[in-house]
Amino acid sequence: MRWRLRGKVVVVTGASSGIGRVTAVAFARQGAAVVLVARRAAALEAVAEECRAHEVPALAMPADVTDEEAVREVARSTVERLGRLDVWVNNAGVTLWGRVEEVPMEDFRRVLETNFLGYVHGARAALPHFREQGRGVLVNNASMLSVVAEPYAGAYVAAKHAVLGFASSLRQELALDGLARQIRVCSAMPATIDTPLFQHGGNYSGRRAKAMRPVYPPERVARTLVNLARWPRREVFVGPAARMLAWQWRMAPALTERLTAWMADQDQLERHRLVPADDGNLFAPVDDGDTADGGWGGRRGQARRRVLAAAVAGAGLLGATATALRRPRGDRWS
Amino acid sequence: MELTSRWTAAAGTLVHSRAGGDAGPPLVLVHGLGVASPYWERTAAALAPWFRVHAPDLPGFGHTIGPREALDVHQLAEALADWMRTADAWPAVVVGNSMGCQITVDLAVCHPELVRRAVLVGPTIDRTAPGALSQVFRLVRNGFREPPRQFWIVARDYARAGLGRVLRTFLAAMAEPTESWYPRVSAPTLVVRGERDALVTAEWAARVTNALPHGGLVTLRGAAHTANQAAPEALARVVRVFAEEQSAEPAGGTP
């Protein structure tokens, strides 16, 4: 059975917090052995403990994804200690708020190195092992910002766009090698997810960053990433808001571009709370904040939206039923 | 006694095994075609007080991911040998069932240092049947003689392995000339046959025992092909007595 995960070995980068953490535990729950990669060894070990509670091997391998040799060493070490490497989840990511012209160039470069080149390093590390095994899945946690854009996050948007293009190109190379069915490359494009990414990012905008609504819980992305490992698909959105925005962008690009700019200016950065410039976790990890969610109310928001949708659907059903059952008033011909 | 799941990196994959018992010599239970460690659960629990029992899932079966191509008997034996060395489960009393007997014999001939003693429960392939199709008929007939609970355990493991792998491994088992290997098994070997086994006839069991240099035959009452399912306590008793024997010649008979 191709799609079962028990006994498979999965590497998750960026596993110390946010989506990576929840995804690692989700894979462990499915019975896969997990290897966790991030910069903070202590936080990583805590996540590994959580995974081991599901009776699977869990190894913490601290590394910085911008270091290609370290990433290759993770892959080598995984195969040496666990015997195989089946799924590589590229997920480690940082963000940077501020205008393109104002953010320091080295911070801009650092975002591209982590979010894009980090994924390239992961692919280059995992592929030789996939080729040797004759099977493997590379899962890239991209973003809806791979296909749409927002202001004040130039580097992040560029890196996510790059990931999607790179994944596509890689898929083409594998197809030419005749390995399209054996080695799969998948990209997930989540909407706004409730993680500490927003508050951990570098910020030169002067305004405090927050999660732009609607916000989804990280469990939703974890479920998608796990399902991509089982039933690989090319590109998948996570969260209806992502799909809808991408569709609007395709239908009316110029208008949607300006609307998204206005929405981000309203809801992504706060007007009333000003913060000093800071490079966040770009060059060194922050001490606190190894939680899965970022405190942005993703679960609550999702629950509220579902109740609202159910209420509207229920009311609509009630109205339709009432209309259908209405007694006909008098004879038409009279 | 409680069994726990272990994961060991061996044979180029991550091998899942059920293990129990913390005292005594190592004992390895080798499953047959399509099945995996679950159907050894009761026998393993009965043996755990006296041995360090291991029931690995061979690559492609149970929870152990295997390569895309199905492994043949010799490759499965090599995988088992690699796992035994890595998991430090040797020199062991190796107990095989059905195709597991073929794997055990291969292991005993190619890696004699790993096998202290061997127990072959229902040694396939019984060549008194003319061909592959008749083996299948016998298997179906035997199915009606097995305890009903076995069906679901076996069906689930067959589904895990996948029909393609099961069929290809069956053909590999049919092609394997295990009969020519029996005379080369140097370890003391006990052949156990369930009285009601439809897949392996009494005549074949006797022929196997005679071909083995140090062979003995035991018949279990009330059991069919998978005696470990039908009579786990009786099988455990037989294995324990055989493993603890001092002499090289195993005593045969019907307990």
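In the block above lies the structure referred to throughout.
Every value quoted in this text rests on a predicted model; they were computed, and no experiment measured them.

The rules behind each value
Residues numbered from 1 in each chain as written. Chains lettered and ligands numbered in written order. Predicted model: local features only at pLDDT ≥ 70, side-chain atom pairs only at ≥ 80, totals over all residues. Heavy atoms only, no water. Pairing = 2+ DSSP bridges. Helix = DSSP H or I, 4+ residues; strand = E, 2+ residues; numbered from the N terminus. Axes fitted to C-alpha atoms, helices over the stretch in contact; angles between N-to-C directions. Buried < 20%, exposed > 50% of the residue type's maximum accessible area, 1.4 Å probe, protein only. Contact = heavy atoms within 4.5 Å. Phe/Tyr/Trp six-rings, centres within 6.5 Å; stacked < 30°, edge-to-face > 60°. Lys NZ or Arg CZ within 6 Å of the ring centre and 35° of its normal. Expected span 1.5 Å × (residues − 1). Arc of directions from axis to C-beta. Buried area = accessible area lost by both parts, 1.4 Å probe. Salt bridge = Lys/Arg side-chain N within 4 Å of Asp/Glu carboxyl O. Polar contact = N/O pair within 3.5 Å; in protein donor to acceptor, adjacent residues only side chain to side chain.

Undergrad: Sorry if this is basic, but what is going on with the sheet that holds strand 6 (residues 136-141) of chain A here?
TA: The strands making up a sheet associate through hydrogen bonds between their backbones, and the pairing can be parallel or antiparallel. Residues and elements named next belong to chain A. Pairing is parallel in the open sheet, where seven strands are placed in the order 3-2-1-4-6-7-12. Strands with a single pairing partner mark the edges of an open sheet, and in this sheet they are strand 3 (58-60) and strand 12 (235-238). Strand after strand, the sheet turns through a mean of 15° between neighbouring axes, direction not considered. As judged from the five bridges shared by strand 1 (residues 9-13) and strand 2 (residues 33-37), these two strands associate in the parallel manner.

Undergrad: Looking at this model, I keep getting lost on the environment of Ala 23 of chain B. Mind explaining?
TA: Residues and elements named next belong to chain B. Looking at where Ala 23 falls in the secondary structure, it is placed in the loop between strand 2 (13-20) and strand 3 (26-30). What makes Ala 23 partly exposed here is its relative accessible area of 41%. Aside from chain neighbours lying at most four places away, what touches Ala 23 is Trp 50, Phe 51 and Arg 52.

Undergrad: In this structure, what is going on with the packing of aromatic side chains? I would like to understand it.
TA: Working definition: an aromatic ring pair is given by the centre-to-centre distance plus the angle between the planes. Following the criterion strictly, the structure yields five aromatic pairs over all chains and no others. Relative to Trp 40 of chain B, the ring of Tyr 39 of chain B lies with its centre 5.6 Å away and its plane at 70°, an arrangement referred to as edge-to-face. Summarising the burial analysis for this pair, Tyr 39 of chain B and Trp 40 of chain B share the class buried. On the basis of an interplanar angle of 75° and a centroid distance of 4.9 Å, the ring pair of Phe 151 of chain B and Trp 152 of chain B is categorised as edge-to-face. As far as the burial class goes, Phe 151 of chain B and Trp 152 of chain B line up, both exposed. Each residue in the set Trp 97, Phe 198 and Trp 296 of chain A is aromatic and connected to the rest through ring pairs, giving one cluster. The ring centre of Phe 242 of chain B lies 5.4 Å from the NZ or CZ of Arg 117 of chain B, which sits over that ring. A cation over an aromatic ring shows up here: Arg 240 of chain B above the ring of Trp 50 of chain B, its NZ or CZ 3.9 Å from the ring centre.

Undergrad: How do you make sense of helix 2 (residues 41-52) of chain A when you look at a structure like this?
TA: For an α-helix, 3.6 residues make a turn, and residues three or four places apart therefore share a direction. Residues and elements named next belong to chain A. Taking 1.5 Å per residue as the helical rise, helix 2 with its twelve residues ought to reach 16 Å, and the 16 Å between its terminal C-alpha atoms agrees with that figure. Buried within helix 2 we find Ala 43, Leu 44, Val 47, Ala 48 and Cys 51. Burial along helix 2 is one-sided: seen end-on, the buried residues are contained in an arc of 145°. For helix 2, the secondary structure elements touched by its buried residues are helix 1 (18-29), strand 2 and strand 3.

Undergrad: Would you mind showing me how to read the interface of chain A and chain B here?
TA: Reports of interface size often rely on the accessible area that becomes lost once the parts have come together. Facing the 20 residues of chain A at the interface are 13 residues of chain B. Counting the surface lost from both chain A and chain B, the interface buries some 1,400 Å², and carbon and sulfur atoms represent 56% of this. Put simply, chain A and chain B have zero salt bridges between them. Taken together, the connections running from chain A to chain B amount to four residue pairs in polar contact (both at pLDDT 80 or more). Take the side of chain A that touches chain B: its biggest share by element is three residues, from helix 3 (residues 68-82) of chain A.

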